[in-house]
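Examination of the molecular architecture
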Amino acid sequence: MSRITITVNGAPQTREVEDRTMLVQFIREHLGLTGTHVGCDTSQCGACTIHLDGEAVKSCTVLAVAADGSQVTTIEGLAEGGKLHDVQQAFREHHGLQCGYCTPGMIMASVDMIRRHDGMLDEHTVRHELEGNICRCTGYHNIVKAVLDAAEKHRAAHAVAAE
Amino acid sequence: MYATTYHKPKTLAEAVKLYTNSDEPSYLSGGHTLIPTLKSRLAAPAHLIDVRNIPELFGIEVTADKVIIGSATKHAVVAASGEIKAAIPALSGLAGSIGDVQVRHMGTIGGSTANNDPAADYPAAVLSLDATLHTDRREIPAEDYFQGLYTTALEPGEILVRVEFKTPEIAGYAKFRNPASRYSMAASFVARHRDGHIRVAITGAGNEGVFRWTEAEELLTVNFSAEALEGLTIDPSRMMGDMHAPADYRAHLVAVMTRRAVQNLGGTHIL
Ligand SMILES: Cc1cc2nc3c(=O)[nH]c(=O)nc-3n(C[C@H](O)[C@H](O)[C@H](O)COP(=O)(O)OP(=O)(O)OC[C@H]3O[C@@H](n4cnc5c(N)ncnc54)[C@H](O)[C@@H]3O)c2cc1C
Ligand code: FES
Ligand code: FES
C-alpha cells in the first residue's frame, strides 16, 4: 500500500492505494469519476485516455503510484462554469458520438491533439492522430468533423487573442 | 495483475542495490510493454523498480557525429526534438511512427531497446546506426547487444542508461505496419555511414528478431540505389510466419521495404 496525492481536475486527492492500482481505477473507483471509461484494459482502445501532466495517455496502463505528485485532467475537468469545452460542444453539434462509450477518450485525445498542433489540423492528420482511439460504433466520420471544427475555433480564438 | 511493491529510486546505485537485494524484481520505465504483460499475468515481479526518477537516464545530446539519448526519454520527446530531426531525420521519424500518440507519451527508448520485441522499431535504428549501449557498468556495441527474440546482452539488474547513435551520412526507414496492432510486419533501416560502410537492419520479420541483411549491404556498397536491390530476395525460412503474414509474404515485404528505405533516404516511409 502507498499513500499518494494526485491533483485531479485542479483538486489534490490523497488516497491509500495498493501499488498495483492502475490510474484509471484510482480515478473511477477511488474518486468516483466514472466519465473515464475502460474499453479494452489492454492499451489498445483509448477509452481511458486522460491528461497526465498535460499529455494524453491511456490511464489503464499507468500505475497510480507512478503518478503520485502529478496533475491529471479527466473528461469531468474540461467544462468550465457549466459551459462545455469547445471540443465537447463540437462533438455534440456534429453528432460525433453514437453509444458514447469511446467519447470521453476521443475528446481527451482531441483536446491534446489540438493543443499540440495549435489548431493547425487537416483531415489526414486528425485521422492519423486518432489511431490510438477505437470507436466500435465506427462513427469516425463525424468525430473527425467535430475535431476539425473545434480546431478551427481554437485557431480563430488565438487569432483574436493575437490582435 | 498480482500484488507488487513499487519503488522509485533516485540514483542508479540505489536502483541496482534494490534490484540485487529483492526477490523477483523488475525494472519499470514507460510500462507500455511491461504493464500489459503484468495485467495478463504473464509475469509477476514482487518488486517494480521505476527508473524514471534517475537523472542520468534523461537528456538528449547531439554532437558533430553522435546523437545520445537517455534511456528514459519518451518516444514523443525523441520525435519532437528539432536537433535529432536535423541530425538523423529517419530516427525522429521512426520514433514518431511507434504505436499511437498516447503510447508515445509514455513509452521510452530504453524500455523498447531492453525489451527487444522482434517487431519493435528502435532495435532497427540501434543496429543500423551502429549504436553503443551505455549501461550502469559498461558499454555494449549494438553488434553484440541483440541476442534473439526478447533477449539482449543485458545481465540481470543491469540498467540501460543511454543509447549513443553514430550520425550517418544519410539514412532512411521504411515500414509496413500491421493495420490493427500498428507494430511493423517488416521494416528496414538503411544507413550509409561517414566512412562509407552501409548497414541494413530488418525488424518485424526475422524469426530471431532484428538482424542485418548483409546481402543487401554488399549490393548497396557497390551501387547505393534501389535499383541495385532489384531481384534480391531473402530466404523465407529466416522469417516469422503468423496469422497476419506468412513467412514468404514477410520475405517479400523485407525486400520491398529495403528498396523503399533507399528511395526515402533522409526520412521515413510508413505504410
Ligand atoms: C498499443 C501499443 C502499441 C505499440 N506499438 C509499438 C510499435 O509500433 N513499435 C514499437 O516499437 N513499440 C510499440 N509499442 C511498445 C512501446 O514502444 C513500449 O513503450 C516499449 O516497447 C517499451 O518501453 P517502455 O518504456 O514502455 O518499457 P517498459 O514496459 O517499462 O519495460 C519493458 C522492459 O524493459 C525493461 N527495462 C525498461 N527500462 C529499462 C532500463 N533502463 N534498463 C534495463 N531494463 C529496462 C523492463 O524491466 C521490461 O522488462 C506499443 C505499445 C502499445 C501499448
Ligand atoms: S481501456 Fe485503456 S486503452 Fe482501452
Ligand atoms: S460512439 Fe460507440 S464506441 Fe464510439
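Residues numbered from 1 in each chain as written. Chains lettered and ligands numbered in written order. Predicted model: local features only at pLDDT ≥ 70, side-chain atom pairs only at ≥ 80, totals over all residues. Heavy atoms only, no water.

This part is about the side chain of Arg 259 of chain B. Examined against the element boundaries, Arg 259 of chain B turns out to sit in helix 11 (residues 247–263). Setting aside its immediate chain neighbours within four residues, Arg 259 of chain B contacts Ala 226, Leu 229 and Glu 230 of chain B. (Helix = DSSP H or I, 4+ residues; strand = E, 2+ residues; numbered from the N terminus. Contact = heavy atoms within 4.5 Å.)

Scanning the entire structure with this criterion turns up 3 aromatic pairs over all chains. Residue placement shows Arg 41 of chain B over the ring face of Tyr 2 of chain B; its charged tip is 4.0 Å from the ring centre. (Phe/Tyr/Trp six-rings, centres within 6.5 Å; stacked < 30°, edge-to-face > 60°. Lys NZ or Arg CZ within 6 Å of the ring centre and 35° of its normal.)

A few words now on the domain arrangement of chain A. Residue and element names in this part refer to chain A. The domains assigned to chain A are domain 1 (2–77) and domain 2 (86–162). With centres defined by C-alpha atoms, the gap from domain 1 to domain 2 works out at 22 Å. Interface area lost by domain 1 to domain 2 is led by His 37, His 51 and Ile 75, which between them contribute 40%. The interface formed by domain 1 and domain 2 includes 0 salt bridges. (Domains from an automatic or database assignment. Buried area = accessible area lost by both parts, 1.4 Å probe. Salt bridge = Lys/Arg side-chain N within 4 Å of Asp/Glu carboxyl O.)

For helix 11 of chain B, spanning 17 residues, the distance from its first C-alpha to its last is 24 Å, which sits close to the expected 24 Å at 1.5 Å a residue. Along helix 11 of chain B, the residues that are buried comprise Arg 250, Ala 251, Leu 253, Val 254, Ala 255, Val 256, Met 257, Thr 258, Arg 259, Ala 261 and Val 262 of chain B. (Expected span 1.5 Å × (residues − 1). Buried < 20%, exposed > 50% of the residue type's maximum accessible area, 1.4 Å probe, protein only.)

This part is about helix 1 (residues 23–30) of chain A. Residues and elements named next belong to chain A. Residues of helix 1 that are buried: Leu 23, Val 24, Phe 26 and Ile 27. Taken around the axis of helix 1, the buried residues stretch over an arc of 165°, which confines them to a single face. For helix 1, the secondary structure elements touched by its buried residues are strand 1 (2–8), strand 2 (11–17), strand 3 (49–52) and strand 5 (71–73). Gly 32, located one to two residues past helix 1, shows a positive phi value of around 75°. (Arc of directions from axis to C-beta.)

Here we come to the domain arrangement of chain B. Partitioning chain B into domains gives domain 1 (1–52) and domain 2 (170–270). Distance between the C-alpha centres of domain 1 of chain B and domain 2 of chain B: 34 Å.

Here we take up the interface of chain B and chain A. Across the boundary between the two partners, chain B contributes 27 residues, which contact 26 residues of chain A. Contact between chain B and chain A buries roughly 2100 Å² in total, counting both sides, with carbon and sulfur atoms accounting for 56%. The largest per-residue losses of area from chain B upon contact with chain A belong to Lys 39, Gln 102 and His 105 of chain B, which jointly make up 29% of the total buried on that side. Between chain B and chain A we count 4 salt bridges in total. Across the pair Asp 41 of chain A and Lys 39 of chain B runs a salt bridge, and its minimum N-O distance is 2.7 Å. At the boundary of chain B and chain A, one finds 10 residue pairs in polar contact (both at pLDDT 80 or more). A per-class count over the side of chain B that touches chain A returns 11 nonpolar, 8 polar and 8 charged. (Polar contact = N/O pair within 3.5 Å; in protein donor to acceptor, adjacent residues only side chain to side chain. Nonpolar A, V, L, I, M, F, W, Y, C, P; charged D, E, K, R; others polar.)

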